[in-house]
Each structure stands twice: as structure tokens, then as C-alpha cells.
Amino acid sequence: VPGKYSGVKYSALDSDWSKNALLEIHLFNPGGAFPLTVRIYDDGRAYRMTERFSRLVDVPQGDSTVRIPLADVQAG
């Protein structure tokens with residue numbers, strides 16, 4: 001969706017990720033490559049950048065997979 005801060009939100013507030021090692025996001029991009037910011041608000045209310053995980057990833061055209069180690073999320 002065009003816009004200055006367009007995006008998608010996925011809410012998994014009651015999920016326990018402690019038994020997992022990796023967050024994997026499968027994407028299909030029919031257009032040109034673009035940067036995507038992945039943000040994880042682990043307490044549901046972390047609005048300052050220092051209170052959440054944030055990573056910029058490049059999304060190429062076509063199928064792709066973003067892989068983020070959950071140890072990175074925990075450290076962020």
C-alpha cells in the first residue's frame with residue numbers, strides 16, 4: 001500500500017516464542033525491490049526505538065524469506 005508509513009501488522013500477544021530459535025517471514029513481492037523494517041514490540045506497548053527490536057531488511061522482487069534469530073530479538 002503506498003504511503004509514508006504503510007505496512008502490515010501481525011499480533012501474537014499471547015504467543016510463547018521461548019521454544020523457538022528463529023523468526024521466519026515468507027514474502028512474495030510482485031513489484032520492485034524495497035526496504036522493509038521489521039519491528040517487534042514484545043510487551044505490546046514499546047513505542048520508543050530503545051524499547052523494541054527493529055531491523056531493516058531488503059525485500060527483492062519475487063519470493064523471499066526473512067530469517068531473524070530470536071536471540072537478536074531478545075537482545076534488541
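Details of the structure are given in the entry above.
Conventions used here
Residues numbered from 1 in each chain as written. Predicted model: local features only at pLDDT ≥ 70, side-chain atom pairs only at ≥ 80, totals over all residues. Heavy atoms only, no water. Helix = DSSP H or I, 4+ residues; strand = E, 2+ residues; numbered from the N terminus. Buried < 20%, exposed > 50% of the residue type's maximum accessible area, 1.4 Å probe, protein only. Contact = heavy atoms within 4.5 Å. Areas by Shrake-Rupley, 256 points an atom, 1.4 Å probe, with all protein chains shown as cover. Core = buried A, V, L, I, M, F, W, Y, C linked by side-chain atoms within 4.5 Å. Salt bridge = Lys/Arg side-chain N within 4 Å of Asp/Glu carboxyl O.

Chemist: Hey, could you go over the overall build of the chain for me, with residue numbers and the actual values?
Modeler: Tallying secondary structure elements over the chain gives one helix and four strands in all. For the chain, buried positions account for 20% of its 76 residues. Relative to all contacts within the chain whose residues are 6 or more apart in sequence, the contacts with residues 24 or more apart total 54%. Of the roughly 6,400 Å² that the chain leaves accessible, carbon and sulfur atoms contribute 52%.

Chemist: Describe the side chain of serine 64, listing the residues and the values that go with them.
Modeler: Relative to the assigned elements, serine 64 resides in strand β4 (residues 62-69). When residues no more than four places from it in sequence are discounted, the contact partners of serine 64 are Ile25, His26, Leu27 and Val59.

Chemist: Could you give an account of the nonpolar core, with specific residues and numbers?
Modeler: By size, the foremost hydrophobic cluster in this structure holds nine residues: Leu23, Val38, Ile40, Phe53, Val57, Val66, Ile68, Leu70 and Val73. Here valine 66 is in contact with Leu23, Glu24, Ile25, Leu27 and Val57, once residues within four sequence places are set aside.

Chemist: Tell me about the pattern of salt bridges, and please be specific about residues and values.
Modeler: Summed over all chains, the structure comprises two salt bridges. Put simply, arginine 67 and glutamate 24 hold a salt bridge, and the shortest N to O gap is 3.0 Å. Taken together, the positions of arginine 67 in strand β4 and glutamate 24 in strand β1 (residues 22-29) put the pair 43 residues apart, joining distant regions of the chain. Taking the shortest distance from any N to any O, the salt bridge between aspartate 72 and arginine 55 comes out at 3.0 Å. Here aspartate 72, found in helix α1 (residues 70-75), pairs with arginine 55, found in strand β3 (residues 53-59); they are 17 residues apart in sequence, far enough to count as distant. Judged by relative accessible area, aspartate 72 falls into the partly exposed class, the value being 30%.

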